[in-house]
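Per-entry structural report
The primary structure of each chain is shown beneath.
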Amino acid sequence: MSFPDTSSDESSAYNNNLHLTAAGMSFTYIRNNKGPNIEPWGTPHVIFMEMAWKVKANDRPYHHLPEFKKKVFLCIKKSRYSGNAIKTYKYNVLTFLPLNLYEQFKRVANLYFLVLLILQIIPDIATLPWYTTLIPLVVVLGVTGIKDLVDDLVRLLSFRKDKTLFIHREIAVQKLQYKVGKVFQESKWRDMQVGDVVRMKKNDFIPADILLLSSSNPNSLCYVETAELDGETNLKFKLGLRVTDERLQDERQLAEFNALIECEEPNNRLDKFMGTMLYEGKRYPLDLDNMLLRGCKIRNTEVSHGLVIFAGADTKIMKNGGKTRFKRTKIDELMNYMVYSIFVLLILVAAGLAIGHTYWYEAIGSKAWYLFDGKKQDSSYRGFLMFWGYIIALNTMVPISLYVSVEVIRLGQSKFINWDLQMYFLEKDTPAKARTTTLNEQLGQIEYIFSDKTGTLTQNIMQFKKCTIAGRSYGTDIWNQYADRSFQFVDHSLVECIRSGKDKDVNEFFKLLSLCHTVMVEHKDDGLVYQAASPDEGALVTAARNFGYVFLSRTQDTITIKEMEEERTYEMLALLDFNSDRKRMSIILKFPDGRIRLYCKGADTVIYERLSPKSRHKETTQTALDIFANATLRTLCLCYKDISADEYEAWSELHQEAQVAMSDRDAALDRVYEQIESNLMLIGATAIEDKLQDGVPETIAKLAMADIKIWVLTGDKKETAENIGYSCSLLTDDMQIHYGEDVNDKLKVRQANRRLEPATYRRGKKKPAEAFFPEPGKNALIITGGWLCKMCKGLHDNKHGGMSLQIDFVDMACECEAVICCRVTPKQKGNVVSLVKKYKKAVTLSIGDGANDVNMIKTADIGVGISGQEGMQAVMSSDYAFAQFRYLERLLLVHGRWSYIRMCKFLRYFFFKNFAFTLVHFWYSFFSGYSSQVAYEDWFITLYNLCYSSLPVLLVGLLDQDVNDKLSLKFPKLYLPGQQGALFNYKNFFISLFHGIFVSLVIFFIPYGAFLQTMGQDGEAPSDYQSFAIVTASSLIFTVNLQISLETSYWTFVNCFAVLGSIAIYFGIMFDIHSAGIHVIFPSVFTFTGAASNALRQPYLWLTIILTVGISLLPVICIQFLHKSIWPSVGDKIQRNRKKYEMELLQEEKKKKAPAFERGRRSRRSAYAFSHSRGYADLISSGRSIRRRPAPKTSDGAEREMEQN
């Protein structure tokens, strides 16, 4: 769907024919304007061809007509209009068991063990009892199922908690539903449907995309806070159509409202809406100014009525959310491939042993009379049965408990994040929250961070920091009753100048700030509440207020301020509003003494061009502006001009003509404004800080030291984004900044070179790409959303060329230390993240705080939500959430790194202990005729992974740390092994495999050699099968538990208890199941009666166990010693000097913290300190927010209130 951009010429959209194209259908607006006093809701004459989306007011059956049905499956159809319910949970009472089991058996390992269980029921191939597989499988499925259920309940309860305040809404009933009365009924959000008329009250969240019909404010004006959509906390205003404002005030009128809305289909464009309303035979145009979007909040409007156009998944905020992607860590993917490798190894080993049995039976087994089993089976068939027998016997090579152990570790690590008090934000009582338990170790592998700006890096709070007046700069006492207590600007000399009243320039400076603006004011609880079109403008008016020039009220043509306790009212003759081309705004006022003066404020680049030659203090002000810019403050120049009555009258006539121009009205107004805004006299300049969150520069610097690259993706304009880049130390003075033009040139050169050298780009002959920035030094990239659109367009126009262009762009950007993308849409944010993931195969993290960040949060490998001022949409879609950007440092460098190290150590050890355990069967098969007989007792096989070896390794996965948190933050280079994937990969896997093979050889052959031709103390040979099984099992338990002790870096009482406790549990259970009492009860299940007590009373066997364990561990001890002595890692070096570094940290903490970063830039100019959208000038000048009209009462008796300005 495509629409022409009318934002740059709003007035012409109402004066000219407007042709639009949507989904292959065309329609044309023809607007007729009558007379000079044109309202934007003037009645149009419209020639209209059908649009795709139709909504009938107060008529639910209409939306279920056959023409509005869509096919779901085969012949099943449902309405194309979504309901307003949004499902956040996965299971219900009926679906939990089957759906959860289905999901769990999609894991190959679980399905494999289910097949094994079935095979073990078949007598001919059952080498192990069925319970050896059933018990571990039930435990694994049960633990995982309980965890999934708890996660789903937490997700559901969290959603309901966040929605507690907006459960009850009032929805106009359809007049055909009830015979008596036409009243509003309370309903939940989920019951709302397209076509319903809704009533919303002040501070309510808007539940769907709603067409504003009327409100309690004059002319159906409605103020909304759009923080959930665009991250801006300043208020926007919406307007109802005049016809609905006049005719839809009481409940009877609303219940009888039967208009037909025809508009564009649901889409993700937050800045556009096009449609028409057919009501009582006439059509009225609709645009975004008439729409209240889901997620916004009603402000300063007691009651609003609207018609639901899009609901649920069709709303713009949900369309911008992107698809919910199933996220998996790199370790997960690697682990699955390794499990597949083990499957292949298992099949090969089982096949080899089965072939061995075939030949053995042919040569020996069939000829030995004492081996005859009465079965007439040839050697090939017996070999086939042995293949399945070995699949069962060696099944523990595939660790069934691996996945549930990983889930338990991840759950514990998530709890540690939740419990971390150093990530708790006291001011808002907000702890850190791990909203997923499956991605913790991925936090230790992040290579790229994509961050929003407003509300993420900054507080979205503007503070008046410095100013220069008449060539004198003032830096930073609250002394009047109207002062804002949060205002932080202290300069006693400036205060004395104001109090004395002797310095006219100072008085004019603050008078201008209190008069030249479009701020609305509300008197509340004996105080003043300002509603500004931008935080910048609000900061300037607040500054004037705190210095004694208090903006009190305004009407359509007057503005009242209090100057040093004296109230004065000025007549407003004209208000020349800001736009992105003018970069300034002006107001023409008539003073009480009859003088006419123009006040103007704007960017220095446009103000200096319009200054009078007689204007003073240009050079000193310019110097001050440079100083302010070096401090990354947002600057604004203030000036004035006295106008004679004759000059104003002449200009006023031109102004009126431009206001009623039938074409190019904005251009005509700009020309008229240009005439009056000349020969200005400079007063001074302001400097505003877009206040960063605490610790942002330090966090970015620390993450950069960890080789993590940070990209800022923001909807703000380039100057603002660049300014914040310097403020937060993302950009530094030693960086070479490259803009879109530079990028285009370099990409064109690369593309041209590729065309000239086609042979080098053939498959398999691609030469290494040359660097885009061969010069030494740091580079940074600043591009716009428009540039990204062109690049994507190139991809669609030329698929191959566009793809190579994207690859070149990603390569260039990744060579830079910092990248800033400004003026990007939510969808573009997600696309940028996708590009890096696609072409760099890098682990990415996105962090944001608004609904406009949801797409990139879902797209990235890790999504982090900031629970700040912009609502909860980002948090609800995130994997991790906290209140301040600075906590990201601890999340990655401490929790992420620890989680990665713990998980890698756990997996390496887990594979080792299972190989060491299982491959003993393999060696035993050479001495048992390849008969698939197992080397251990059945119950030992069942309990090995559940009880005997699980707890120590679980605790290492939960608690181990190479260095403490403070040293982790002090040495960010410790993070690098995670980015490189150095601690767990196929190399580590094969090392674990060969380590397991070695230990299994030792555990089998040393007891085998010790048992060979041996006599015990009692004269009996201890070389029976049961004694051998006990010695090998005991050696294995000692070896694997002492091995994990060697791997443990951080010892606690719990770790020590787990190692000793696991060994004690082994012996305790073994003596119990080998006792005569349990054999009497279950004679066929417990067959090793008295074996343990008989074998372990022999000192010779204890010596054998000690020798086996010693030989198994000795190589590991030697290798670890050599590795840490000769090839120490960064972590090893820090561990060696741990006490020294800890003392240094203590000394640093005792010292006072150094001042904040000193930032400097020789020629950087701050952004123009206004919102980049239009202000309230049209609204103020027209008086639509001020005029009082008779307000009929609603049925509940609530009187309408109008805003007092």
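Below you will find a few notes about this structure.

Rules used throughout
Residues numbered from 1 in each chain as written. Predicted model: local features only at pLDDT ≥ 70, side-chain atom pairs only at ≥ 80, totals over all residues. Heavy atoms only, no water. Buried < 20%, exposed > 50% of the residue type's maximum accessible area, 1.4 Å probe, protein only. Helix = DSSP H or I, 4+ residues; strand = E, 2+ residues; numbered from the N terminus. Pairing = 2+ DSSP bridges. Phe/Tyr/Trp six-rings, centres within 6.5 Å; stacked < 30°, edge-to-face > 60°. Lys NZ or Arg CZ within 6 Å of the ring centre and 35° of its normal. Salt bridge = Lys/Arg side-chain N within 4 Å of Asp/Glu carboxyl O. Axes fitted to C-alpha atoms, helices over the stretch in contact; angles between N-to-C directions. Parallel < 35°, antiparallel > 145°, perpendicular 65-115°, else oblique. Left-handed = near helix turned anticlockwise from the far one by under 90°. Contact = heavy atoms within 4.5 Å. Nonpolar A, V, L, I, M, F, W, Y, C, P; charged D, E, K, R; others polar. Core = buried A, V, L, I, M, F, W, Y, C linked by side-chain atoms within 4.5 Å.

Points about the pairing of strand E14 (residues 275-279)
If a strand is regular, its side chains alternate between the two faces of the sheet. Most of E14 sits out of view: 4 of its 5 residues are buried. When strand E13 (residues 260-263) meets E14, the two strands line up antiparallel, connected through 4 bridges. For Leu260, the partnering residue across the bridge sits in E14 and is Leu278. In the sheet, E14 pairs with strand E15 (residues 282-286) via 5 bridges, with the strands oriented antiparallel. Each bridged residue has a counterpart across the sheet, and for Tyr279 the counterpart in E15 is Lys282. Here E14 folds back onto E15, and the loop between the two strands holds 2 residues, one of which, Glu280, carries a positive phi near 55°.

Comments concerning the side chain of Glu677
Looking at the secondary structure, you find Glu677 in the loop between helix H18 (665-676) and strand E31 (681-692). Glu677 gets classed as buried once you look at its relative accessible area, which sits at 0%.

Notes on the packing of aromatic side chains
Scanning the model with the defined rule gives 58 aromatic pairs in all. A centroid spacing of 4.7 Å and a plane angle of 35° characterise the contact between Phe510 and Phe547, whose relative ring orientation is tilted. You can see Phe510 sitting in helix H13 (residues 504-515) and its partner Phe547 sitting in the loop between helix H14 (535-546) and strand E25 (549-554), a full 37 residues away along the chain. Summarising the burial analysis for this pair, Phe510 and Phe547 share the class buried. Here the basic side chain of Lys56 rests over the ring of Tyr62, its NZ or CZ set 5.6 Å away from the ring centre.

A closer look at the pattern of salt bridges
This structure, assessed with the given rule, holds 38 salt bridges. A salt bridge links Glu508 to Lys511, with the nearest nitrogen and oxygen atoms 3.7 Å apart. You can see Glu508 and its partner Lys511 sitting in helix H13, 3 residues apart, about one turn around the helix. Assigned by exposure class, Glu508 and Lys511 land together as buried. Close ionic contact of Lys905 with Asp960 constitutes a salt bridge, the shortest N to O distance being 2.6 Å. One end of the pair, Lys905, is in helix H27 (residues 887-925); the other, Asp960, is in the loop between helix H29 (950-959) and helix H30 (965-970), with 55 residues separating them in the sequence. Accessibility classification places Lys905 together with Asp960 in one group, the buried group. Within the structure, one salt-bridge network assembled from shared partners comprises Glu508, Lys511, Glu563, Glu566, Arg568, Arg597 and Asp642.

Some thoughts on the packing of helix H3 (residues 108-120) against helix H10 (residues 379-393)
For the pair H3 and H10, the least separation of the axes is 10 Å and the interaxial angle reads 125°. One element, H3, and the other, H10, form an angle in the oblique class. The crossing of H3 and H10 is left-handed. Between H3, through Tyr112, Leu116, Leu119 and Gln120, and H10, the contact on the second element is made entirely by Trp388, Ile391 and Ile392. Of the residues that constitute the contact of H3 with H10, the class distribution is 6 nonpolar, 1 polar and no charged.

Remarks on the nonpolar core
If you look at the biggest cluster of nonpolar residues, it comprises 99 residues, and the most contacted ones within it are Val398, Leu402, Phe906, Leu907, Phe940 and Leu1036. Broken down by element, the residue count for this core peaks at 17 residues, all from H27. Ignoring anything within four residues of it in the chain, the contact list for Leu907 reads Ile331, Met335, Leu402, Val406 and Phe984. Within the second largest apolar cluster, 50 residues are counted, among which are Leu443, Ile449, Leu892 and Leu893.

This is a description of form; function is not addressed.
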